[in-house]
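# Residue-level structural notes
Next come the chains, spelled out residue by residue.
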Amino acid sequence: MDPTQYRDAVVANRREHGFDVVDETTDGFDPLWRTREIDDSIGEVAVLATLVDAGDTDASGIGAETLVETAESFRDVLADRIDARPGRADGGEVPTPIGYVTYVTADPDASLLDAMSGFTVARRRTNVFPLVYDCKAERLHRHEVPRLKGRGIYRRQADDAERLFDV
């Protein structure tokens, strides 16, 4: 599958699962989709998702360091989009912010997958998951669900990855 076909499939999935397009300035992340939902295990969640064309994972494409930098930039976008003020004026609870940055590439090298799986997901009251889609193998690489602490967010990530990015 080529990157354009993958992008089209993800766009169809985002429509089917209620992710809306973010039309405002997105600091270079285009497309950017969002949804708010109630999750049985973690409460209200606010989710942002995007695709990044990683090209070839060699000197001409995205490498491990760039993956980490891009995911951290996405964390800033996520933090800016979610109302993080405790005790908001409307009396509502602050949703759990979750972000997905999916890097689309053919035949990702091991350093890219290591950077993805070793990325610090939870920081600054946000949860950002870099994912890698291998167009050549037609496989989505996502974070594993831990056996102990923190399963709710990781379980949510596995479910979102399956419904949105696994085509």
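To be clear, the structure that these remarks concern was listed above.
As a starting point, this report considers the structure included with it.

## Thoughts on helix α3 (residues 110-118)
Here α3 has its buried residues at Leu 112, Ala 115 and Met 116. For α3, the buried positions fall inside an angular range of 100 degrees around the axis, keeping them on one side. Exposed residues on α3 whose side chains face more than 90 degrees from its buried face are Ala 110, Asp 114 and Gly 118. Tucked into the core, α3 has its buried residues touching α2 (64-81), β4 (96-106), β6 (126-134) and β7 (139-141).

## Remarks on helix α1 (residues 3-16)
Each α-helix winds once per 3.6 residues, and so residues spaced three or four apart point in a common direction. Here α1 contains 14 residues, and its C-alpha end-to-end distance of 20 Å stays within 8% of the 20 Å for a straight helix at 1.5 Å per residue. Along α1, the residues classified as buried are Tyr 6, Val 10, Val 11, Asn 13 and Arg 14. Angular distribution of buried residues about the axis of α1 spans 160 degrees; they occupy a single face of the element. Looking at α1, the residues exposed on the side facing more than 90 degrees away from the buried face are Thr 4, Arg 15 and Glu 16. Residue Asp 2 occupies the N-cap position of α1, its side-chain oxygen lying 3.0 Å from the main-chain nitrogen of Thr 4. Following α1 by one or two positions, Gly 18 adopts a phi angle in the positive range, close to 80 degrees.

## Overview of the environment of Val 167
Inspection of the secondary structure assignment puts Val 167 in the segment after α4 (151-165). The spacing of Val 167 and Arg 7 is 160 residues in sequence and 9.9 Å in space, taken between C-alpha atoms. Apart from the residues lying within four places of it in its own chain, the contact partners of Val 167 are Met 1, Tyr 6, Ala 9, Val 10, Asn 13 and Tyr 133.

Conventions adopted
- Throughout, a residue's number is its position along its own chain's written sequence, starting from 1.
- Local features in a predicted model are, by the rule used here, given only for residues with pLDDT of at least 70; side-chain atom pairs are given and counted only at 80 or more, and totals for whole chains, interfaces and linings are based on all residues.
- Based on all heavy atoms of the structure, the side-chain values leave hydrogens and waters out of the count.
- Only protein chains enter the area calculation, which uses a 1.4 Å probe; residues under 20% of their type maximum are buried, those over 50% are exposed, and those in between are partly exposed.
- Runs of H or I in DSSP of at least four residues are treated as helices and runs of E of at least two as strands, each being numbered from the N terminus.
- Each direction from the helix axis to a C-beta atom contributes to the arc, which is the arc of those directions.
- Residues are treated as being in contact if the distance between any of their heavy atoms lies within 4.5 Å.
- Residue count minus one, scaled by 1.5 Å, sets the expected span of a helix.
- What qualifies as a polar contact is a pair of N or O atoms within 3.5 Å, subject to a donor-acceptor requirement within protein and to the restriction that residues adjacent in sequence count only when both atoms come from side chains.

By themselves these figures say nothing about function.
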